[in-house]
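Okay, here's what each chain looks like letter by letter:
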Amino acid sequence: MEKTKVLIVGGTGYLGQHLLQTFAGNNGGDRYDVAFTHHSSPLPRRLLDAFPQFPAFPVDLKSGLGLNSISQDFGQPDVVVNCAALSVPRACEQDPDSAMSINVPTSLVNWLSTFDRNKTLLIHISTDQVYEGVKSFYKEDDETVAVNVYGKSKVAAELLIKDKCQNFAILRSSIIFGPQTVSPLPKNLPVQWIDSSLKKGDTIDFFHDEYRCPIYVKDLVSITLRLIDRWVVSDDKQMQLVLNAGGPERLSRVQMAQVVAEVRGYDLSLIKHVSASSVDRGVVSPADISMDITKLIQTLELSPTSFKDSVRLTL
């Protein structure tokens, strides 16, 4: 049986590392040939040690430098999963040019167009921040009206992919959370941060009026694997999908913190309710970008893990 070639763009990031971990486990090696790209050099030692079997390619997504060596050494991928992004909204606000040039994958899409168009599926990680945030439970065909640079760069990416790629699956992901990665990331992970803050016994402010559908990272990995497998077995090789990739609940930051406190037995009175408008974060944030995930559940026959169970699995 021929192996499926999978290229993970942004393999050193949070989702990228979790994908690599999954491919490295459960006989992934029998079915898939996996390679990944990274921008940070040198590669973290821990990552190299954990996945010596996966070739790593340095790539600059702004210029596309490094993509051609993938063509030469790895060949045409069957599936490209693009997890690379400048995903901190405040950083995007401060440097809109970088946000646009990294988050809109022009060089990647141009590179893919040099191959046989019907053989490669692009799975692109987008965001719930493409929505305006003025109602609850957005559906995939609702208008995308982003309110900040990060969201706008992701809307532009979706338009580019729909326009230029023959086969794609766009996953509008909410906040991704779960266990730490093999090579720990410098940024705070949401559930771990809530846990360590409450553990100290200090009162902490949480927003009660911003809503998301946080998704457990292993569910997002499962979604990706199902899309890959569906692509591999389909004869006509046609896929143009946009899916809301969120968890099953609409939650505010306060509610997220309450679940962590409940699971860990912390005092609920440490959680102070504040309005999002009371804090200047240097970026406009949409108020309610909760998503309707009916299409995801029906298309992939997969039901995401509840927030409480995911928190237990994370901690």
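- As annotated in an unreviewed UniProt entry, the chain carries the name RmlD-like substrate binding domain-containing protein and is attributed to Cardamine amara subsp. amara.

1. A closer look at the overall build of the chain
Thought 1: Counting secondary structure elements, the chain contains 13 helices and 13 strands.
Thought 2: For 315 residues, the compact-globule formula gives about 20 Å, and the C-alpha radius of gyration of the chain, at 19 Å, lands near that figure.
Thought 3: If one aligns the C-alpha atoms of the chain with their principal axes, the spans along those axes are about 60 × 40 × 40 Å.
Thought 4: Put simply, the chain has 315 residues, and 51% of those count as buried.
Thought 5: Once local pairs closer than 6 in sequence are excluded, the contacts in the chain between residues at least 24 apart make up 80%.
Thought 6: In the structure as shown, the chain presents an accessible area of about 14,200 Å², 49% of it carried by carbon and sulfur atoms.

2. With respect to unusual backbone geometry
Thought 1: Here the amide bond leading from Ser41 into Pro42 is cis, since omega sits at -10 degrees, within 30 degrees of zero.
Thought 2: With respect to the helices and strands, the residue Pro42 is situated in the loop between strand 2 (32-38) and helix 3 (45-50).
Thought 3: Here Phe137, not a glycine, exhibits a phi torsion of approximately 55 degrees, which is positive.
Thought 4: Summarising the element assignment, Phe137 is placed in the loop between strand 5 (121-127) and helix 8 (149-164).
Thought 5: One non-glycine residue, Glu301, adopts positive backbone phi at about 50 degrees.
Thought 6: By the element assignment, Glu301 lies in the loop between helix 12 (294-300) and helix 13 (307-314).

3. Considering the packing of helix 6 (residues 96-103) against helix 8
Thought 1: It is at 9 Å that the axes of helix 6 and helix 8 come closest, and there the two elements cross at 30 degrees. It follows from the interaxial angle that helix 6 and helix 8 lie roughly parallel. Where helix 6 crosses over helix 8, the two elements pack in a sense that is right-handed. The segment helix 6 lies against helix 8, with Pro96, Ala99, Met100 and Asn103 engaging Val149, Tyr150, Lys152, Ser153, Lys154, Ala156 and Ala157.
Thought 2: Looking at the contact of helix 6 with helix 8 residue by residue, the class counts come to 7 nonpolar, 2 polar and 2 charged.

4. Observations regarding the nonpolar core
Thought 1: Counting 41 residues, the largest nonpolar core has Ile8, Phe23, Ile123, Leu171, Ile223 and Leu227 as the members making the most contacts within it.
Thought 2: With 8 residues, the single largest contributor to this core is helix 10 (residues 217-233).
Thought 3: Ranked by size, the runner-up nonpolar core spans 24 residues in total, among them Leu7, Leu67, Val109 and Ile170.

5. Remarks on the environment of Val191
Thought 1: Along the chain, Val191 turns up in helix 9 (residues 190-199).
Thought 2: By relative accessible area, which is 2% here, Val191 ends up buried.
Thought 3: Between the C-alpha atom of Val191 and that of Thr127, which follows or precedes it by 64 residues, the distance is 19 Å.
Thought 4: In contact with Val191, other than residues within four places in its own chain, are Phe177, Val260, Phe307, Val311, Thr314 and Leu315.

6. Things to note about the environment of Leu243
Thought 1: Note on placement: Leu243 falls in strand 11 (residues 240-245).
Thought 2: Since its relative accessible area comes to 0%, Leu243 is described here as buried.
Thought 3: Considered as a pair, Leu243 and Thr299 are 56 residues apart in the sequence and their alpha carbons are 8.9 Å apart.
Thought 4: Apart from the residues within four sequence positions on either side, Leu243 is in contact with Glu140, Ile170, Leu171, Arg172, Lys295, Leu296, Thr299 and Leu300.

7. Concerning helix 9
Thought 1: What helix 9 keeps buried is the set Val191, Ile194, Asp195, Ser197 and Leu198.
Thought 2: Just beyond helix 9, the residue with positive phi is Gly201, at close to 85 degrees.

Cut-offs and rules
Residues numbered from 1 in each chain as written. Predicted model: local features only at pLDDT ≥ 70, side-chain atom pairs only at ≥ 80, totals over all residues. Heavy atoms only, no water. Helix = DSSP H or I, 4+ residues; strand = E, 2+ residues; numbered from the N terminus. Rg over C-alpha atoms; globule rule 2.2 N^0.38 Å. Buried < 20%, exposed > 50% of the residue type's maximum accessible area, 1.4 Å probe, protein only. Contact = heavy atoms within 4.5 Å. Areas by Shrake-Rupley, 256 points an atom, 1.4 Å probe, with all protein chains shown as cover. Axes fitted to C-alpha atoms, helices over the stretch in contact; angles between N-to-C directions. Parallel < 35°, antiparallel > 145°, perpendicular 65-115°, else oblique. Left-handed = near helix turned anticlockwise from the far one by under 90°. Nonpolar A, V, L, I, M, F, W, Y, C, P; charged D, E, K, R; others polar. Core = buried A, V, L, I, M, F, W, Y, C linked by side-chain atoms within 4.5 Å.

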